Amino acid sequence: MLVNNENGTLELKNFGTHLYKGMLLDQLKQTDFYKEKYHNRWDVKTGYFWYYFKEVEIEGHELSLNLCFWGDRLHSIHMNTWKSTDAKDWNEWTEEREMQVFYRNNKFLTLILGMPPTRKKKTPYPSCTFTFSWGKVWSVYDPRSASSFMGISYDKKTS
């Protein structure tokens, strides 16, 4: 299991790393995951920082992870499955192809969480959500950004 359904911790077994809400950036920087897969960082200039990582293999899927920090603490996680057949640029992109990424993301989440989504909706954007006591795991196709992605959002009350 990649995501612990009880507390929302994301486990990267191949790196001996656990990611969780409130994790300190210094703790992340000491992990094998960070040392081997760190790609770059974006300072949003609002107190948020995004850390981008190279793909890792999880349950037969190539998965990219983007970690959002508020100051020096992990706030949320975005991720995406990837295949070599995905559009590499705008010339290859179609909405139909991007919807295939959305469906693949949904299947991936169902696999790693061991349960179906608690909510699916088609409007305003296609999405599915898995709801837990600590927060949500979600997947969405966003036509404004022409992309599909998924993530883990933790409730404010969770530490």
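Visitor: Could you clarify how one ought to interpret the overall build of the protein in this entry?
Guide: On a plain count of helices and strands, the protein comes out with 3 helices and 11 strands. Secondary structure elements of the protein, listed N to C terminal, follow the sequence β-β-α-α-β-β-β-β-β-α-β-β-β-β. Here the C-alpha radius of gyration of the protein, 15 Å, is about what a compact globule of 159 residues would show, namely 15 Å. Expressed as a percentage of the 159 residues in the protein, the buried residues total 45%. The contacts of the protein with a sequence gap of at least 6 include a subset with a gap of at least 24, amounting to 40%. For the protein, the exposed area adds up to about 9100 Å²; of that, 51% sits on carbon and sulfur atoms. A gap of 5 Å separates the mean positions of the 22 positive and 19 negative side-chain charges of the protein.

Visitor: What should I look at first to understand the side chain of Thr-17 in this one?
Guide: With respect to the helices, strands and loops of the structure, Thr-17 is situated in strand E2 (residues 17-19). For Thr-17, the side chain forms a polar contact with the main-chain oxygen of Phe-15, separated by 3.0 Å.

Visitor: So what exactly am I meant to see when it comes to unusual backbone geometry here?
Guide: The general pattern is negative phi for most residues beyond glycine and trans for most peptide bonds. Positive phi outside glycine occurs at Glu-59, with the angle close to 50°. Tracing the backbone shows Glu-59 in the loop between strand E5 (56-58) and strand E6 (61-70).

Visitor: How should I be thinking about the pairing of strand E11 (residues 147-154) in this particular structure?
Guide: On a regular strand, each side chain points to the face opposite its neighbour's, so the side chains alternate between the two faces of the sheet. Two strands pair when backbone bridges link them, and strand E7 (residues 73-82) and E11 are joined in this way by 4 bridges, in the antiparallel orientation. Paired with Met-79 across the bridge in E11 is Met-150. In this structure, strand E10 (residues 135-142) lies alongside E11, joined through 8 bridges in antiparallel fashion. Counterpart to Ser-139 in the pairing with E11 is Met-150. Once E10 ends, the chain turns through 4 residues before running back antiparallel as E11, passing Ala-146 with a positive phi of about 55°.

Visitor: Where do I start with the layout of surface pockets in this structure?
Guide: Empty space among the atoms can be located by rolling a probe the size of a water molecule over them. Here the largest pocket is characterised by a volume of approximately 650 Å³. The wall of the largest pocket is formed by 28 residues, among which Asn-80, Trp-82, Glu-98, Ser-147 and Ser-148 lie closest to the centre. The set of elements that each furnish at least two residues to the lining of the largest pocket consists of strand E4 (48-53), E6, E7, helix H3 (95-113) and E11. Its residues assigned to classes, the lining of the largest pocket comprises 11 nonpolar, 9 polar and 8 charged.

Visitor: Can you help me understand the environment of Met-23 in this one?
Guide: As for its position among the elements, Met-23 is in the loop between E2 and helix H1 (25-29). Spatially, the C-alpha atoms of Met-23 and Phe-69 are 8.9 Å apart, while their sequence positions differ by 46 residues.

Visitor: Even after reading the chapter, I still don't get the packing of aromatic side chains, so can you show me in this structure?
Guide: Think of a pair of aromatic rings as described by two things: how far the centres are apart, and how the planes are tilted against each other in angle. Per the stated rule, a full pass over the model turns up 13 aromatic pairs. Summarising the aromatic geometry, the rings of Tyr-34 and Phe-53 are spaced 6.0 Å apart at their centres and angled 70° between planes, so their arrangement reads as edge-to-face. Residue Tyr-34 is located in helix H2 (residues 32-37), and its partner Phe-53 is located in strand E4; the two are separated by 19 residues in the primary sequence. Exposure class is identical for Tyr-34 and Phe-53. Each is buried. With centroids separated by 4.7 Å and ring planes inclined at 55°, the aromatic side chains of Tyr-48 and Trp-70 adopt a geometry described as tilted. Of this pair, Tyr-48 sits in strand E4 while Trp-70 sits in strand E6, placing them 22 residues apart in sequence. Overall, Tyr-48 belongs to the partly exposed group, its relative accessible area being 29%. Each residue in the set Phe-15, Phe-33, Tyr-34, Tyr-38, Tyr-51, Phe-53 and Phe-69 is aromatic and connected to the rest through ring pairs, giving one cluster.

Calculation criteria
Residues numbered from 1 in each chain as written. Predicted model: local features only at pLDDT ≥ 70, side-chain atom pairs only at ≥ 80, totals over all residues. Heavy atoms only, no water. Helix = DSSP H or I, 4+ residues; strand = E, 2+ residues; numbered from the N terminus. Rg over C-alpha atoms; globule rule 2.2 N^0.38 Å. Buried < 20%, exposed > 50% of the residue type's maximum accessible area, 1.4 Å probe, protein only. Contact = heavy atoms within 4.5 Å. Areas by Shrake-Rupley, 256 points an atom, 1.4 Å probe, with all protein chains shown as cover. Lys, Arg positive; Asp, Glu negative; His and termini not counted. Charge placed at Lys NZ, Arg CZ, Asp CG, Glu CD. Polar contact = N/O pair within 3.5 Å; in protein donor to acceptor, adjacent residues only side chain to side chain. Pairing = 2+ DSSP bridges. 1 Å grid on protein atoms, 1.4 Å probe; cavity = no way out; pocket = protein on both sides within 12 Å on 5 of 7 lines; lining within 4 Å. Points joined across faces, edges and corners; volume = space filled by probe spheres on them. Nonpolar A, V, L, I, M, F, W, Y, C, P; charged D, E, K, R; others polar. Phe/Tyr/Trp six-rings, centres within 6.5 Å; stacked < 30°, edge-to-face > 60°.

Spatial relationships are all this shows, so hold off on functional conclusions.
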